[in-house]
Amino acid sequence: MIDLALSFGVAAALVGIAFVSGIGITTIGPGGIFVTIALYALTPVGSDVIAGTVQVAFIATGLLGTVAYVRSGELSGENLRLTGLLCGGSVGGALFGAWLNGFVSRDLFGLLLGALAGTAGLLIIYREHRDLGTMRSIDPETARGSIGYAVLGFALGTFSGLLGVGGPVIAVPALVVLGVPMLFAVAVAQAQAVVIATFAALGYLVQGAVSFGLVALIGVPLLAGVAVGWRVAHRVDPARLKVALGGVLLVVAPYLAL
C-alpha cells in the first residue's frame, strides 16, 4: 500500500486533468497521456508507481470506452479480427513493458515520455496540415496482415506498459496511418486498452507499484470524461481538437525531457 499526501491544489489539478484526459481518450485517442504527465510533474512518486497507477485506472476507462463504441456500432464484426489480433499481441507486450520499467530511472522515464509526447504531437499536426494519407495498408484477413497486426499489438503493448500511457495514445495514430478510419481506430483502441492495462497492471501489482489512493482520485473524473468524449466524437469534427492536442503535446514534450 502506497500512502501519498497531496495538497488540495495538486489534487484538484489532477482531477481536472483526468477529466480532460478522459475526453481525449474517446474523442481522438491520445488523452490518457496527460494523466501520466500530470502525475510525473505534480507528484514525487517514482515512474513505476506512476505507470502502475494509471494502468489500473485505464482498465476502467477501456471497458467503458469499449461498451460505448459497441453501442454506437464502430466496434462490431467488421473489425473484430483486427481487434483480436491487436489485443492478442498486446498481452505479451504489456507484461514485457511492465517488467522493463523496473530498469528505467525517473530521469530516463521523463525523457522517454517527452519523446513519445513530441512524436505523437508531430504526427497529429502533420496529418491535419499535410493531409497525410495511408502510408501502408495492411489487410488483417491475410496471413501477412495477421502477423503484422499481432506484431504491432506487441509493440504498442510494450510502449504502453513501459511508459504508463493508455493504448489509444499510440494505437490510434498508428492505425490511422495504416488506413483505419478515425472512429474505428478509436473504437478498436478502447478494446486493446483493456488488454494492455489489465496485464500491465498485473505486472505492477506484483511489484507493489500501485497507489490506490491516486487510482481513486483520477479514476472517477477519467470515467466521466470518457463518457463525454464518446458523445463529442459523434457530434463534433475532431480536426481542431486534434491540432490543439498535438500543439499541447509539443509544448510539454521538452519540459518532460529536461
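Let me begin by describing the structure that accompanies this report. (Residues numbered from 1 in each chain as written. Predicted model: local features only at pLDDT ≥ 70, side-chain atom pairs only at ≥ 80, totals over all residues. Heavy atoms only, no water.)

Counting its secondary structure elements, the chain contains 10 helices and 0 strands. Sequence-ordered secondary structure for the chain, helices as α and strands as β, is α-α-α-α-α-α-α-α-α-α. Taking 18 Å as the expected radius of gyration for a compact globule of 258 residues, we find that the chain reaches 17 Å, a close match to that expectation. The dimensions of the chain, computed from C-alpha atoms along their principal axes, are 50 × 35 × 35 Å. Buried positions account for 53% of the 258 residues belonging to the chain. Long-range pairs, those at least 24 residues apart, make up 86% of the contacts in the chain with a sequence separation of at least 6. (Helix = DSSP H or I, 4+ residues; strand = E, 2+ residues; numbered from the N terminus. Rg over C-alpha atoms; globule rule 2.2 N^0.38 Å. Buried < 20%, exposed > 50% of the residue type's maximum accessible area, 1.4 Å probe, protein only. Contact = heavy atoms within 4.5 Å.)

Quick look at the packing of helix α4 (residues 80–101) against helix α8 (residues 182–207) now. When two helices pack together, you describe them by how their axes are tilted relative to each other and by the distance separating the axes. One can describe the packing of α4 onto α8 by two numbers: an axis separation of 8 Å at closest approach and a directional angle of 25°. Taken together, the axes of α4 and α8 are roughly parallel relative to one another. Both α4 and α8 take part in a crossing whose hand is right-handed. Facing α4, whose interface residues are Leu82, Thr83, Leu86, Cys87, Ser90, Val91, Ala94, Leu95, Gly97, Ala98, Trp99 and Asn101, α8 presents Val188, Ala191, Gln192, Val195, Ile196, Phe199, Ala200, Gly203, Tyr204 and Gln207. Partitioned by chemical class, the residues of the contact of α4 with α8 number 15 nonpolar, 7 polar and no charged. (Axes fitted to C-alpha atoms, helices over the stretch in contact; angles between N-to-C directions. Parallel < 35°, antiparallel > 145°, perpendicular 65-115°, else oblique. Left-handed = near helix turned anticlockwise from the far one by under 90°. Nonpolar A, V, L, I, M, F, W, Y, C, P; charged D, E, K, R; others polar.)

Moving on: the environment of Phe34. Note that Phe34 resides in helix α2 (residues 33–42). Counting along the chain gives 16 residues from Phe34 to Ala18, while the straight-line C-alpha distance between them is 7.5 Å. Other than its neighbours up to four places away in sequence, Phe34 contacts Ile17, Ser21, Leu245, Val248 and Leu249.

Bringing the nonpolar core into the picture now. Within the largest apolar cluster, 74 residues are counted, with the highest numbers of intra-cluster contacts made by Ile33, Tyr149 and Ile218. Examining the composition of this core, we find that 11 residues originate from one element, α8, more than from any other. (Core = buried A, V, L, I, M, F, W, Y, C linked by side-chain atoms within 4.5 Å.)

Closest axis-to-axis distance for the helix α3 (residues 47–72)/helix α9 (residues 212–235) pair is 9 Å, and the angle between their directions is 25°. Relative to α9, α3 is oriented roughly parallel. In this structure, α3 meets α9 at a crossing whose hand is right-handed.

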